[in-house]
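# Working through the structure, step by step
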Amino acid sequence: MTPVRPEFAPDPSLSRAEMEELQRDLAAEALFEDDFEFDPASISASAGDSTQTTLGGSAPDESSDGSPGDSGETTAPIVAGVDQAFAADGEKAVSAIVASRGGEVVERVHAVEPTEIPYIPGLLSFREGGAILSAFEELSVEPDLAVVDGSGRIHFRQAGIATHVGVMLDLPAIGVAKNLLCGRPAESLDDYLREGERVPIEADDSVTAPEGTVIGHAYQSRQYDNPQKRHVNPLYVSPGHRVSADTATDLVGRLCAGYKLPEPTRLADQFADEVKAEVGD
DNA sequence: GCGACAG
DNA sequence: ATCTTGTCGC
(Lines give C-alpha, C1' and ligand atoms only; values in the text may rest on other atoms or scores of the structure.)
Protein backbone atom coordinates (compact mmCIF):
# COMPACT_ATOMS: atom_id res chain seq x y z
CA MET A 1 0.00 0.00 0.00
CA THR A 2 0.97 3.61 -0.56
CA PRO A 3 0.93 6.50 1.93
CA VAL A 4 -2.14 8.70 1.74
CA ARG A 5 -0.32 11.42 3.66
CA PRO A 6 3.08 11.65 1.89
CA GLU A 7 3.63 15.11 3.29
CA PHE A 8 4.62 13.42 6.55
CA ALA A 9 7.41 11.36 5.00
CA PRO A 10 10.16 10.85 7.61
CA ASP A 11 12.90 12.62 5.69
CA PRO A 12 16.17 11.88 7.51
CA SER A 13 17.82 14.97 6.02
CA LEU A 14 15.63 17.33 8.00
CA SER A 15 17.08 19.25 10.92
CA ARG A 16 16.21 18.07 14.39
CA ALA A 17 13.89 21.03 14.85
CA GLU A 18 12.12 20.26 11.58
CA MET A 19 11.73 16.62 12.56
CA GLU A 20 10.12 17.59 15.84
CA GLU A 21 7.82 20.06 14.13
CA LEU A 22 6.77 17.40 11.64
CA GLN A 23 5.98 15.08 14.54
CA ARG A 24 3.79 17.67 16.23
CA ASP A 25 1.91 18.28 12.99
CA LEU A 26 1.51 14.56 12.43
CA ALA A 27 0.30 13.95 15.99
CA ALA A 28 -2.42 16.54 15.38
CA GLU A 29 -3.72 14.27 12.61
CA ALA A 30 -3.57 11.11 14.69
CA LEU A 31 -6.76 9.66 16.14
CA PHE A 32 -6.38 7.95 19.50
CA GLU A 33 -9.88 6.52 19.48
CA ASP A 34 -11.37 3.42 17.94
CA ASP A 35 -12.06 3.91 14.27
CA PHE A 36 -11.99 0.62 12.44
CA GLU A 37 -14.52 -1.74 10.88
CA PHE A 38 -13.54 -5.15 12.20
CA ASP A 39 -14.84 -6.67 15.41
CA PRO A 40 -12.07 -6.77 18.05
CA ALA A 41 -13.44 -10.15 19.12
CA SER A 42 -12.60 -11.52 15.66
CA ILE A 43 -8.90 -10.95 16.30
CA SER A 44 -6.99 -14.03 17.37
CA ALA A 45 -3.39 -15.16 17.54
CA SER A 46 -4.07 -18.53 15.99
CA ALA A 47 -6.82 -20.40 14.22
CA GLY A 48 -9.64 -21.56 16.46
CA ASP A 49 -8.23 -20.19 19.68
CA SER A 50 -10.22 -19.33 22.73
CA THR A 51 -7.00 -19.27 24.71
CA GLN A 52 -7.47 -15.93 26.36
CA THR A 53 -5.55 -15.24 29.53
CA THR A 54 -7.37 -14.33 32.72
CA LEU A 55 -9.18 -11.08 32.22
CA GLY A 56 -11.12 -11.20 35.43
CA GLY A 57 -12.73 -14.61 35.31
CA SER A 58 -15.70 -13.63 33.17
CA ALA A 59 -18.41 -16.16 32.49
CA PRO A 60 -18.33 -18.01 29.18
CA ASP A 61 -20.52 -16.22 26.66
CA GLU A 62 -21.28 -17.91 23.39
CA SER A 63 -23.68 -15.58 21.70
CA SER A 64 -23.80 -17.79 18.63
CA ASP A 65 -25.87 -20.56 17.16
CA GLY A 66 -23.20 -23.07 17.91
CA SER A 67 -21.99 -23.64 14.39
CA PRO A 68 -18.26 -24.43 14.29
CA GLY A 69 -16.05 -21.38 14.17
CA ASP A 70 -18.61 -18.69 13.63
CA SER A 71 -16.68 -15.91 15.28
CA GLY A 72 -16.18 -14.18 11.97
CA GLU A 73 -13.59 -16.55 10.62
CA THR A 74 -14.86 -16.09 7.09
CA THR A 75 -13.58 -12.54 7.08
CA ALA A 76 -11.05 -12.52 9.89
CA PRO A 77 -9.07 -9.25 9.92
CA ILE A 78 -5.61 -9.17 8.39
CA VAL A 79 -2.97 -8.08 10.85
CA ALA A 80 0.42 -6.83 9.69
CA GLY A 81 3.30 -7.40 12.08
CA VAL A 82 6.19 -4.99 11.48
CA ASP A 83 9.75 -5.34 12.71
CA GLN A 84 13.21 -3.98 11.97
CA ALA A 85 16.67 -5.43 11.93
CA PHE A 86 20.06 -4.08 10.94
CA ALA A 87 22.89 -5.60 8.98
CA ALA A 88 26.42 -4.72 7.94
CA ASP A 89 27.26 -2.94 11.18
CA GLY A 90 24.09 -0.92 11.01
CA GLU A 91 24.74 0.24 7.47
CA LYS A 92 21.57 -1.37 6.21
CA ALA A 93 18.09 -1.22 7.68
CA VAL A 94 15.84 -4.20 7.09
CA SER A 95 12.09 -3.83 7.46
CA ALA A 96 9.97 -6.96 7.50
CA ILE A 97 6.20 -7.22 7.39
CA VAL A 98 4.26 -10.44 7.85
CA ALA A 99 0.54 -10.26 7.16
CA SER A 100 -1.63 -12.91 8.75
CA ARG A 101 -5.32 -13.66 9.10
CA GLY A 102 -6.45 -15.62 12.11
CA GLY A 103 -2.86 -16.68 12.64
CA GLU A 104 -2.40 -17.89 9.07
CA VAL A 105 0.36 -16.10 7.16
CA VAL A 106 -1.00 -14.62 3.95
CA GLU A 107 1.96 -12.54 2.78
CA ARG A 108 5.52 -11.59 3.70
CA VAL A 109 7.36 -8.61 2.27
CA HIS A 110 10.49 -6.71 3.11
CA ALA A 111 12.67 -3.77 2.19
CA VAL A 112 16.34 -3.03 2.69
CA GLU A 113 17.62 0.52 2.72
CA PRO A 114 20.84 2.23 3.72
CA THR A 115 20.78 3.66 7.21
CA GLU A 116 20.73 7.46 7.06
CA ILE A 117 20.92 8.66 10.62
CA PRO A 118 21.82 7.22 14.01
CA TYR A 119 19.27 6.20 16.61
CA ILE A 120 18.04 9.19 18.55
CA PRO A 121 15.42 8.67 21.27
CA GLY A 122 12.24 10.31 20.05
CA LEU A 123 13.27 10.39 16.40
CA LEU A 124 13.21 6.68 15.59
CA SER A 125 10.81 7.22 12.67
CA PHE A 126 13.44 9.15 10.78
CA ARG A 127 15.85 6.23 11.03
CA GLU A 128 13.52 3.31 10.35
CA GLY A 129 10.34 4.82 8.99
CA GLY A 130 11.51 5.00 5.39
CA ALA A 131 12.28 1.29 5.21
CA ILE A 132 8.93 0.44 6.78
CA LEU A 133 7.02 2.52 4.24
CA SER A 134 9.01 0.91 1.43
CA ALA A 135 8.07 -2.52 2.72
CA PHE A 136 4.40 -1.54 2.87
CA GLU A 137 4.66 -0.51 -0.80
CA GLU A 138 5.43 -4.16 -1.53
CA LEU A 139 2.43 -5.43 0.36
CA SER A 140 -0.42 -6.47 -1.95
CA VAL A 141 -3.04 -7.34 0.64
CA GLU A 142 -4.88 -4.62 2.53
CA PRO A 143 -4.23 -5.05 6.26
CA ASP A 144 -6.89 -4.09 8.79
CA LEU A 145 -4.38 -3.43 11.53
CA ALA A 146 -0.65 -2.93 11.93
CA VAL A 147 1.32 -3.96 15.02
CA VAL A 148 4.57 -2.03 15.02
CA ASP A 149 7.62 -2.60 17.19
CA GLY A 150 8.16 0.60 19.14
CA SER A 151 5.96 3.24 20.69
CA GLY A 152 2.89 4.97 19.39
CA ARG A 153 1.40 7.66 21.58
CA ILE A 154 3.93 6.92 24.33
CA HIS A 155 6.21 9.54 22.85
CA PHE A 156 7.29 13.06 23.77
CA ARG A 157 5.21 14.55 20.96
CA GLN A 158 2.71 11.67 20.81
CA ALA A 159 4.22 10.70 17.48
CA GLY A 160 6.07 7.43 17.94
CA ILE A 161 6.89 5.24 14.97
CA ALA A 162 3.56 3.40 15.19
CA THR A 163 1.74 6.71 14.99
CA HIS A 164 3.90 7.90 12.13
CA VAL A 165 3.26 4.80 10.06
CA GLY A 166 -0.41 4.64 10.98
CA VAL A 167 -1.17 8.24 10.05
CA MET A 168 0.78 8.15 6.78
CA LEU A 169 -1.09 5.04 5.67
CA ASP A 170 -4.29 6.00 7.50
CA LEU A 171 -4.19 2.48 8.90
CA PRO A 172 -5.25 1.44 12.41
CA ALA A 173 -1.93 0.89 14.18
CA ILE A 174 -0.64 -0.15 17.58
CA GLY A 175 2.81 0.33 19.04
CA VAL A 176 4.34 -2.48 21.09
CA ALA A 177 7.59 -1.63 22.87
CA LYS A 178 9.80 -3.62 25.23
CA ASN A 179 10.95 -0.52 27.08
CA LEU A 180 9.26 2.67 28.24
CA LEU A 181 10.31 5.81 26.38
CA CYS A 182 8.50 8.35 28.50
CA GLY A 183 5.42 8.85 30.59
CA ARG A 184 4.64 7.81 34.15
CA PRO A 185 3.17 4.49 35.27
CA ALA A 186 0.00 5.10 37.30
CA GLU A 187 1.40 2.72 39.87
CA SER A 188 4.78 1.20 40.54
CA LEU A 189 5.87 -1.42 38.06
CA ASP A 190 8.34 -2.79 40.54
CA ASP A 191 5.54 -4.80 42.07
CA TYR A 192 5.06 -7.91 40.01
CA LEU A 193 2.18 -7.81 37.60
CA ARG A 194 0.35 -11.01 36.94
CA GLU A 195 -0.37 -12.29 33.47
CA GLY A 196 -3.12 -10.24 31.85
CA GLU A 197 -2.66 -7.23 34.12
CA ARG A 198 -2.22 -3.72 32.76
CA VAL A 199 -1.08 -0.46 34.34
CA PRO A 200 -1.92 2.87 32.69
CA ILE A 201 0.97 5.00 31.48
CA GLU A 202 0.10 8.65 31.98
CA ALA A 203 1.45 11.76 30.35
CA ASP A 204 3.92 13.66 32.52
CA ASP A 205 5.52 17.00 31.76
CA SER A 206 7.70 15.45 29.07
CA VAL A 207 4.70 14.63 26.92
CA THR A 208 2.67 17.04 24.80
CA ALA A 209 -0.63 15.92 26.27
CA PRO A 210 -2.63 17.09 29.28
CA GLU A 211 -0.99 15.89 32.49
CA GLY A 212 -2.44 12.53 33.46
CA THR A 213 -3.73 11.59 30.02
CA VAL A 214 -3.52 7.81 29.58
CA ILE A 215 -1.20 7.42 26.61
CA GLY A 216 -0.77 3.66 26.83
CA HIS A 217 -0.33 0.71 29.16
CA ALA A 218 2.30 -1.50 30.66
CA TYR A 219 0.83 -4.88 29.77
CA GLN A 220 1.91 -8.17 31.31
CA SER A 221 1.47 -10.52 28.37
CA ARG A 222 3.32 -13.34 30.05
CA GLN A 223 4.44 -14.15 33.57
CA TYR A 224 5.94 -17.01 35.50
CA ASP A 225 4.08 -18.72 38.29
CA ASN A 226 6.59 -17.68 40.91
CA PRO A 227 7.51 -14.07 40.12
CA GLN A 228 9.51 -13.93 43.34
CA LYS A 229 12.22 -16.00 41.73
CA ARG A 230 11.86 -15.27 38.05
CA HIS A 231 9.74 -12.70 36.35
CA VAL A 232 9.05 -11.21 32.91
CA ASN A 233 9.02 -7.50 32.16
CA PRO A 234 5.79 -6.09 30.75
CA LEU A 235 5.23 -4.78 27.25
CA TYR A 236 4.44 -1.12 26.68
CA VAL A 237 1.41 -0.88 24.42
CA SER A 238 0.18 2.41 23.01
CA PRO A 239 -2.21 3.64 20.34
CA GLY A 240 -0.61 4.39 17.00
CA HIS A 241 -3.62 5.59 15.06
CA ARG A 242 -7.38 4.97 15.00
CA VAL A 243 -7.26 2.90 18.20
CA SER A 244 -7.80 3.82 21.85
CA ALA A 245 -5.36 2.88 24.59
CA ASP A 246 -7.78 0.38 26.10
CA THR A 247 -8.60 -1.29 22.80
CA ALA A 248 -4.96 -1.37 21.75
CA THR A 249 -4.09 -3.36 24.84
CA ASP A 250 -7.15 -5.59 24.43
CA LEU A 251 -6.08 -6.40 20.88
CA VAL A 252 -2.49 -7.11 21.84
CA GLY A 253 -3.78 -9.43 24.52
CA ARG A 254 -5.80 -11.29 21.90
CA LEU A 255 -2.77 -11.52 19.64
CA CYS A 256 -0.53 -13.14 22.24
CA ALA A 257 -0.24 -16.92 22.30
CA GLY A 258 1.83 -17.91 25.27
CA TYR A 259 4.83 -15.76 24.54
CA LYS A 260 5.72 -12.28 25.71
CA LEU A 261 5.41 -10.79 22.23
CA PRO A 262 2.23 -10.87 20.15
CA GLU A 263 2.30 -13.37 17.29
CA PRO A 264 2.38 -10.81 14.46
CA THR A 265 5.52 -9.34 16.00
CA ARG A 266 7.11 -12.74 16.45
CA LEU A 267 6.43 -13.63 12.84
CA ALA A 268 7.91 -10.35 11.63
CA ASP A 269 10.88 -10.78 13.97
CA GLN A 270 11.62 -14.19 12.54
CA PHE A 271 11.25 -13.01 8.96
CA ALA A 272 13.47 -10.00 9.58
CA ASP A 273 16.22 -12.35 10.76
CA GLU A 274 15.84 -14.47 7.64
CA VAL A 275 16.13 -11.46 5.40
CA LYS A 276 19.09 -10.15 7.36
CA ALA A 277 20.87 -13.46 6.91
CA GLU A 278 20.30 -13.42 3.16
CA VAL A 279 21.30 -9.80 2.77
CA GLY A 280 24.52 -10.25 4.65
CA ASP A 281 24.89 -10.17 8.34
C1' DG B 1 24.27 21.29 35.33
C1' DC B 2 21.13 16.82 36.37
C1' DG B 3 18.26 13.23 34.63
C1' DA B 4 16.30 10.31 30.95
C1' DC B 5 15.68 8.20 26.65
C1' DA B 6 11.46 3.12 21.64
C1' DG B 7 14.97 0.46 18.22
C1' DA C 1 19.07 -2.76 17.48
C1' DT C 2 23.63 -5.76 17.86
C1' DC C 3 27.74 -8.51 19.93
C1' DT C 4 27.24 -13.95 22.06
C1' DT C 5 27.85 -19.57 25.66
C1' DG C 6 26.28 -21.35 28.83
C1' DT C 7 22.86 -21.87 31.97
C1' DC C 8 18.81 -21.74 35.16
C1' DG C 9 14.05 -23.12 35.36
C1' DC C 10 9.39 -24.82 33.91
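Residues numbered from 1 in each chain as written. Chains lettered and ligands numbered in written order. Predicted model: local features only at pLDDT ≥ 70, side-chain atom pairs only at ≥ 80, totals over all residues. Heavy atoms only, no water.

### Side note on the UniProt feature "site: Interaction with target DNA" (unreviewed entry) in chain A
- In this structure's numbering, the residues bearing the UniProt feature "site: Interaction with target DNA" (unreviewed entry) are Tyr119.
- Along the polypeptide, Tyr119 turns up in the loop between strand E3 (104-114) and helix H2 (125-138).
- When neighbours within four sequence positions are excluded, Tyr119 is seen to be in contact with Leu124 and Arg127. (UniProt positions renumbered as here; feature names shortened; annotations may be inferred. Helix = DSSP H or I, 4+ residues; strand = E, 2+ residues; numbered from the N terminus. Contact = heavy atoms within 4.5 Å.)

### Describing the packing of aromatic side chains
- On inspection of all chains with the given rule, the structure shows 1 aromatic pair.
- Between Phe36 and Phe38, the ring centres sit 4.3 Å apart and the planes meet at 15°, which makes this aromatic pair stacked. The two residues Phe36 and Phe38 agree in class, both being buried.
- The ring of Tyr259 carries the charged tip of Arg266 above its face, separated from the ring centre by 3.6 Å. (Phe/Tyr/Trp six-rings, centres within 6.5 Å; stacked < 30°, edge-to-face > 60°. Buried < 20%, exposed > 50% of the residue type's maximum accessible area, 1.4 Å probe, protein only. Lys NZ or Arg CZ within 6 Å of the ring centre and 35° of its normal.)

### Looking at the pairing of E3
- Where strand E2 (residues 92-101) and E3 come together, 10 bridges link them in antiparallel fashion. Bridge pairing links Ser95 to Ala111 in E3. (Pairing = 2+ DSSP bridges.)

### Observations regarding the protein's contact with DNA strand B
- In the vicinity of DNA strand B, 17 residues are found, and the nearest of them are Tyr119, Gly122, Asp149, Lys178 and Asn179.
- Backbone atoms, meaning sugar plus phosphate, form 51% of the atoms of DNA strand B positioned within 4 Å of the protein.
- Here Lys178 contributes a backbone N or O atom positioned 2.7 Å from a phosphate oxygen of DNA strand B.
- Within the side chain of Asn179, one N or O atom sits 3.0 Å away from a phosphate oxygen of DNA strand B.
- Here the surface near DNA strand B is built from residues that sort into 9 nonpolar, 6 polar and 2 charged. (Near = heavy atom within 4 Å. Polar contact = N/O pair within 3.5 Å; in protein donor to acceptor, adjacent residues only side chain to side chain. Nonpolar A, V, L, I, M, F, W, Y, C, P; charged D, E, K, R; others polar.)

### Considerations on the protein's contact with DNA strand C
- If you check the shell around DNA strand C, you find 7 residues, and the closest are Phe86, Lys178, Lys229, Arg230 and Lys276.
- The contact atoms of DNA strand C, taken as those within 4 Å of the protein, divide so that sugar and phosphate hold 88%.
- Within the contact set of DNA strand C, a phosphate oxygen lies 3.5 Å away from a backbone nitrogen or oxygen of Phe86.
- Here the residues of the surface near DNA strand C are counted per class, giving 2 nonpolar, no polar and 5 charged.

### Notes on the UniProt feature "binding site: Mg(2+)" (unreviewed entry) in chain A
- What UniProt calls "binding site: Mg(2+)" (unreviewed entry) maps, in this numbering, to Asp83 and Asp149. The greatest C-alpha distance among the annotated residues, which extend across 67 residues, is 5.7 Å, indicating that they converge on a single site. In the annotation above, Asp149 are the residues that line the second largest pocket.
- Summarising the element assignment, Asp83 is placed in strand E1 (residues 78-87).
- Take Asp83: its relative accessible area is 5%, and that puts it in the buried class. (1 Å grid on protein atoms, 1.4 Å probe; cavity = no way out; pocket = protein on both sides within 12 Å on 5 of 7 lines; lining within 4 Å.)

### As for the layout of surface pockets
- Estimates place the volume of the second largest pocket at around 360 Å³.
- If you go around the second largest pocket, you meet 21 residues; those closest to its centre are Tyr119, Leu124, Asp149, Gly150 and Ser151.
- Secondary structure elements with two or more residues in the lining of the second largest pocket: E1, H2 and strand E5 (173-177).
- Tallied by class, the residues present in the lining of the second largest pocket amount to 10 nonpolar, 8 polar and 3 charged. (Points joined across faces, edges and corners; volume = space filled by probe spheres on them.)

### With respect to a negative patch on the surface
- Side chains of Asp11, Glu18, Glu21, Asp25 and Glu116 sit close together on the surface and give a patch of like negative charge.
- Tracing the backbone through its elements, the reader meets Asp25 in helix H1 (residues 16-29). (Patch = residues over 30% accessible without salt bridge, like charges linked within 9 Å, V, L, I, M, F, W, Y side chains within 5 Å. Areas by Shrake-Rupley, 256 points an atom, 1.4 Å probe, with all protein chains shown as cover. Salt bridge = Lys/Arg side-chain N within 4 Å of Asp/Glu carboxyl O. Lys, Arg positive; Asp, Glu negative; His and termini not counted. Charge placed at Lys NZ, Arg CZ, Asp CG, Glu CD.)

### Quick notes on helix H5 (residues 263-279)
- The end-to-end C-alpha separation of H5 is 24 Å, in line with the 24 Å expected for 17 residues at 1.5 Å each.
- Within H5, the full set of buried residues consists of Glu263, Pro264, Thr265, Ala268, Phe271, Ala272 and Val275.
- Following H5 by one or two positions, Gly280 has its phi on the positive side, about 125°. (Expected span 1.5 Å × (residues − 1).)

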